[in-house]
Amino acid sequence: MRVETAEFARAAHQSGDFPRDGRPEIAFAGRSNVGKSSLMNRLLGRKGLARTSSTPGRTQAVHYYAVNRRFYFVDLPGYGYAKAGKEDRRRWGALVDGYLQQALPRAQVILLVDGKVGATVLDEQAYQYLLTLGAEPIVAVTKIDRVTRSRRSAVLKSVRDTLNLGESVPVIAVSAESGEGTQELWGEMTRHLEGHA
Ligand code: GTP
Ligand code: MG
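Cut-offs used in this document
Residues numbered from 1 in each chain as written. Chains lettered and ligands numbered in written order. Predicted model: local features only at pLDDT ≥ 70, side-chain atom pairs only at ≥ 80, totals over all residues. Heavy atoms only, no water. Salt bridge = Lys/Arg side-chain N within 4 Å of Asp/Glu carboxyl O. Helix = DSSP H or I, 4+ residues; strand = E, 2+ residues; numbered from the N terminus. Buried < 20%, exposed > 50% of the residue type's maximum accessible area, 1.4 Å probe, protein only.

**A word on the pattern of salt bridges**
This structure, assessed with the given rule, holds nine salt bridges. Its salt-bridge partner being arginine 69, residue glutamate 7 comes within 3.4 Å of it at the nearest N-O pair. Within this pair, whereas glutamate 7 is found in strand E1 (residues 6–12), its partner arginine 69 is found in the loop between strand E3 (62–67) and strand E4 (71–75), the two being separated by 62 residues in sequence. Assessed through its relative accessible area of 30%, glutamate 7 is described here as partly exposed. Overall, arginine 69 belongs to the exposed group, its relative accessible area being 55%. Among the salt bridges present, the one from arginine 23 reaches aspartate 21, with a minimum N-O distance of 3.4 Å. With relative accessibility at 41%, the residue aspartate 21 sits in the partly exposed group.

Structure representation (structure tokens):
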């Protein structure tokens, strides 16, 4: 995919804020600090576009980026940061629920799992939640540059087992740092975008 233009489009804090132009979407979900914003920037080749931070919990709204004025990259709020309480979890659920209700099936969800940490209980819950809302997420294992080559296949297998993924669900190892896996991920995203043009 050739990225000609990529620009911030809007931040949605509640259901009424979602765009209604029917463009296909690629939505990035995952634990806070898993590397959602970094991966989006790498995929788009725009370093500072989505704000990244070593402080988890920065992205608290649904952020839309228009790509080639044809589809959206969607940065979903991260879950599971240390200071999150019940109220945060409820708000996350409500926002993601509201988002998916109006975005499916034109949105492809990519669930990011930290390769260095492995799939956590919260990732399992998030994956199940996404399934119940009707999404068919594909999984990207992030920060793979921080996993030694000899351990990589074991890490991928463990993510598959923990999330109990069906064989047809793609699991792609990626690094925003090195760019590894981004071509493969673009392949999956392009398939979705072509089916929803
Ligand atoms: P929230 O917006 O808080 O939900 O976080 P996020 O998921 O958007 O994570 P973000 O992209 O801000 O990255 C979090 C931290 O992980 C930053 O310090 C990044 O530099 C680091 N990071 C992200 N991707 C990679 C990667 O592929 N490799 C390495 N080594 N570090 C990464
Ligand atoms: Mg972010």
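Having seen it, we continue.
**Thoughts on unusual backbone geometry**
In the segment running from leucine 104 into proline 105, the intervening peptide bond is cis, with an omega of 0°. Turning to its location among the elements, proline 105 is positioned in the loop between helix H2 (86–103) and strand E5 (107–114). Despite not being glycine, arginine 69 has its phi angle at roughly 50°, a positive value. You will see that lysine 143, though not glycine, has its phi angle at about 55°, which is positive. Following the sequence through the fold, lysine 143 ends up in the loop between strand E6 (138–142) and helix H4 (152–163).

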